[in-house]
Structures are given as C-alpha cells and as structure tokens.
Amino acid sequence: MKVKKRWIVFMAIMAVIAVTGMFIPEDPGLWEFEETPECTSSNVAWMITATIFVLMMTPGLSFFYGGMVGKKNVISTILQSFIAMGIVSVLWVVFGFSLAFGNDVGGLGLIGDPTQYFMFQHVGAKPEPYLTASIPLALYALFQMKFAIITPSLITGSFAERVRFSAYMVFMILFCIFIYCPLAHWTWHPDGLLHKLLNIHDFAGGIVVHASSGVAALAGAIFLGRRTSAKDQHMPANIPFVILGAALLWLGWFGFNGGSGLAADGIAIKAFLNTNTAGATAMMCWIFFDCLRGRKPSGMGAAVGAVVGLVAITPCADVVTTSQSFIIALLTTLVCNTAVHWREKSSIDDALDVFPTHGMGGIFATVLTGVFSYTGLIHGGWTEFFNSIIGVAIVITYTFVLSLILYYVTNKMIPMRVSVKSEKLGLDVSQHDETYAFSDSAEREIAEYFESHVEHKKD
C-alpha cells in the first residue's frame, strides 16, 4: 500500500522530538518539593484535581460535538477533539509553554522565549514566583496545557463533516503556535501586551479560549464553505451523547474556573459557586427562550444552554457576586440564542454553532466583565469597561485575519476539504475506515465501499 508523504513527515517529526529528548539533561533537585507559606500541599492537591477536571473537558467536548453531527461523522468528530490531547500535549512540552509563558522577547509583550522551557527544561516541583508562587511550575504548566488542548478542539464544530483529518492536524499545530500561545502570553503573562497595556481581566479564558476559538471557527466556516448537504435537514446522531458531553463539560468547568485562582482558597469556592449558578441559569433561560420562539423544550437546548452559561462566567467568576452571575448568564444566553437563530438564516455553515455560542459568549462575557466586576462600569470603572472592549476588538481582529492566513497556508500544504464523494460517504469511513451506526441505505452504501476495495488516493 502506498504511504502518503504527509504521514512520513508526521512520523519523522515525532522521531526527531524523541531523539532530541534523549540529550536533554535534568537539573539536580528539580523534583524536590518544599512547602512554603504560599506553596502549600493543599494548593498542590487542589490544582492536581483541577487539572484533571480541565483535561476531562476535552473528551466531554468530543461527546458534545459527536452527538450533534450525522451518523456518518460521529467517530471523525469525536476524534478531532480527542486527538488534540496528543498533538497539543507534545507541542506544549517541546516549546508551546515557552512561547506562552517564557520570558518576554524584546519587551513588547507579544511572545515568550521559545528556548526557555524547551522540552520542559527547568520545569519541576519548585514554584516560579514571577508566574505563580502558590504551586510548582510543572503543575502550573500542566494546568495551562489543558487550556491549550481544548481551545483548538472547540474550533472543529464549525467545519464538521467536511474537513480532511491530516489537514486539520496541521492547522491545529499552526493555531497553537501563532494564535493561542501569543494570546495566552498577551493576557496571562505578567509582561503580556494586553495585561500591561489594558489590564484586561480574563480569569479563565473568556477571550484566550472562547473568543479566539469562536472567531477562528467563523473564519474556518467561511474558508471551507458550506457542506454539500447544508440545505438538508441534519438530524443529530445521538442526543444522549450531547447531554453526556455537556455534563462532563459542566463538571470539568469547576476545575476550569475553580482552579484558575491557582490556590485552594475562597476565590476557588466563589468561582465554583458562580460557575454552577451561571450554568444552571443559562440552561433554564435557553429552554424558556426556545419555548417563547415556539419550539419545544429539548435535550439539545438544555445542553447548549448550560455550556453557554459556563462560557459566560468564565472571564469573571472571581470578580462578580453570585447574584450577578444570574444576570450575566441570562444576558449572554439571550445574545447567543439570538446569534444561533441569525446564523441559521445566513449563508455561513458553522455546522455546530461554535461562533454563536463560544465566540459570542466569550466576547460578550468579557465585555460584561468590564461592567460587573468590582472595578467595572456599575462601580464607575469606565476605564475597565472601555479597555475590555478594546481588548476584545484586538483579539477578534488578530484571530480572524491570522486564522484565514493559516487556513490558506494549510490548504496549500494539504487540501483542507475532502472530496464530494468522501463527504457524501461520511468522514468516519473516508478518513478513518471506521463506522458507527447507520440507516439501512447508508449501511448498504458503506458495504459497497468496503467490497469495492477502492483506495481513496486523495483522502
């Protein structure tokens, strides 16, 4: 069987990384842990737990998205999220963490030194006060890794059912290097551009995770174009998968938000409480708003609404009151539900409404942070309010323009869209030679494919 060059390149890259790792020395005493008044065992225990919770969100997203697509694309959609745990983890260890949280290069606040923590050198059980004094640097790097993993995974819902798997992997790598790592550095590094210039408050990723992934998803939906079956009614393959995925996301979000204070303290408890309140409020408001539009209450609506509420509280879970989390969730739900309704009438085929939910949710929630935070608009904080708008505008512009460029570059290396025949057959079979569950007619079509032994040279 002929092996395509792209897979040789992928394997060669992994081999180079593995061989390089053989010669990276380890600092003496790197893993000796000593408690300090700030870096305590309780903080370490909580942050290990929070890190596990955040990683669980990516498999949760796999089920959330996988249940929404048609039966011919369940496995491919789940795998597009699941594979991020492999690709981004490797990239993060090699130089991704350095790009995001290494010492600022040139004093401009744009990017970190890619060599500082290359292959996780000097990353161990000792804290790094400049980044975090409350937990070891290695634990901080692991916690941040899970955020980097789920961000490109969120994008996949926009171009579901039509993207070539190998091209998507290339785009994911480019997105992490040129969009996610810079945005993380701008926002969360003490010397980052948005942190120093605008003092942007993004507690757990309203713009770094959700706005960036949502805007990149919008660019992807525009670049790849509509599905050939976009005008047809798409029936979700498995609504229980969607609800299961939303439940795992909700549970994982307690680590996502609750761990972002990097300590087992009152802020973690507050973020935990606000997260649950916002998720519950948005779930109910989404259902009620659907009913006001003449729809019936649905499992899909409940699941999507809960996730929108969790997105809404992400940038501000530590700086708003629990009672304010109700209004933040309600307003964000109305905006996102309306955006989904408008998207359905547009020509843009954002298959799983990534931009109307995650993108709009992250953008609007960041603006609301400038309204409701302790130093926000309702307390006379005009500066924070305007800075949040400026910050959002910068992130949207940078992410959208650069995403289009990265889609173009990826498409030149590997065509991003599968053939019409492969799209009709379904990505599970055409990209992975695997099947999930089908109608009788689809089963016959798949059987004919396997019986013909036709090699898909393009896919």
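Scroll up a little and you will see the structure.
Here the structure is a predicted model, which means the values were calculated and not measured.

**Considering the side chain of arginine 6**
Counting through the fold element by element, arginine 6 comes out in helix 1 (residues 5-21). Within the structure, arginine 6 has its side chain in polar contact with the side chain of serine 166 (distance 3.0 Å).

**A word on the state of the cysteines**
The final tally for this structure, using the stated rule, is zero disulfides. Left without a disulfide partner, cysteine 291 is nearest to the cysteine sulfur of cysteine 285, which lies 12 Å away.

**Things to note about the side chain of serine 260**
Position of serine 260 relative to the elements: it lies in the loop between helix 9 (239-258) and helix 10 (266-292). In terms of polar contacts, serine 260 uses its side chain to reach the backbone carbonyl oxygen of phenylalanine 256, at 2.6 Å. Not counting residues within four places of it along the chain, the set of residues in contact with serine 260 comprises Phe143, Phe147, Phe203, Ala204 and Gly255.

**Examining the pattern of salt bridges**
Within the structure shown, the criterion is met by seven salt bridges. The shortest N-O distance in the salt bridge between aspartate 349 and arginine 227 comes to 2.8 Å. Placement of the pair is aspartate 349 in the loop between helix 12 (322-345) and helix 13 (354-372) and arginine 227 in the loop between helix 8 (206-224) and helix 9, with a sequence separation of 122 residues. The pair aspartate 349 / arginine 227 is uniform in exposure class, with both members buried. Overlapping salt bridges, with partners in common, bring together Glu161, Arg162, Arg227 and Asp349 in one network.

**Concerning helix 8**
In a regular helix each residue adds 1.5 Å, so 19 residues correspond to 27 Å; helix 8 covers 26 Å between its end C-alpha atoms and thus fits that length. Within helix 8, 17 of the 19 residues are buried, leaving the element largely enclosed by the surrounding structure. Phi turns positive, to about 80°, at glycine 225, one or two residues after helix 8.

**Topic: the packing of aromatic side chains**
Applying the stated criterion across every chain yields a total of 24 aromatic pairs. Measuring from centroid to centroid gives 4.1 Å for phenylalanine 171 and tyrosine 407, while their planes differ by 5°, and the two rings are stacked. Note that phenylalanine 171 is positioned in helix 6 (residues 165-188) and tyrosine 407 in helix 14 (residues 382-413), a separation of 236 residues in sequence. Here phenylalanine 171 matches tyrosine 407 in class, with each residue buried. When the centroid spacing of 4.0 Å and the interplanar angle of 5° are considered together, the rings of phenylalanine 254 and phenylalanine 272 count as stacked. Taken together, the residues phenylalanine 254 in helix 9 and phenylalanine 272 in helix 10 connect sequence positions 18 residues apart. In this structure phenylalanine 254 comes out as buried when scored by relative accessible area, which is 9%.

Conventions adopted
- Residues numbered from 1 in each chain as written.
- Predicted model: local features only at pLDDT ≥ 70, side-chain atom pairs only at ≥ 80, totals over all residues.
- Heavy atoms only, no water.
- Helix = DSSP H or I, 4+ residues; strand = E, 2+ residues; numbered from the N terminus.
- Polar contact = N/O pair within 3.5 Å; in protein donor to acceptor, adjacent residues only side chain to side chain.
- Disulfide = S-S within 2.5 Å.
- Contact = heavy atoms within 4.5 Å.
- Salt bridge = Lys/Arg side-chain N within 4 Å of Asp/Glu carboxyl O.
- Buried < 20%, exposed > 50% of the residue type's maximum accessible area, 1.4 Å probe, protein only.
- Expected span 1.5 Å × (residues − 1).
- Phe/Tyr/Trp six-rings, centres within 6.5 Å; stacked < 30°, edge-to-face > 60°.

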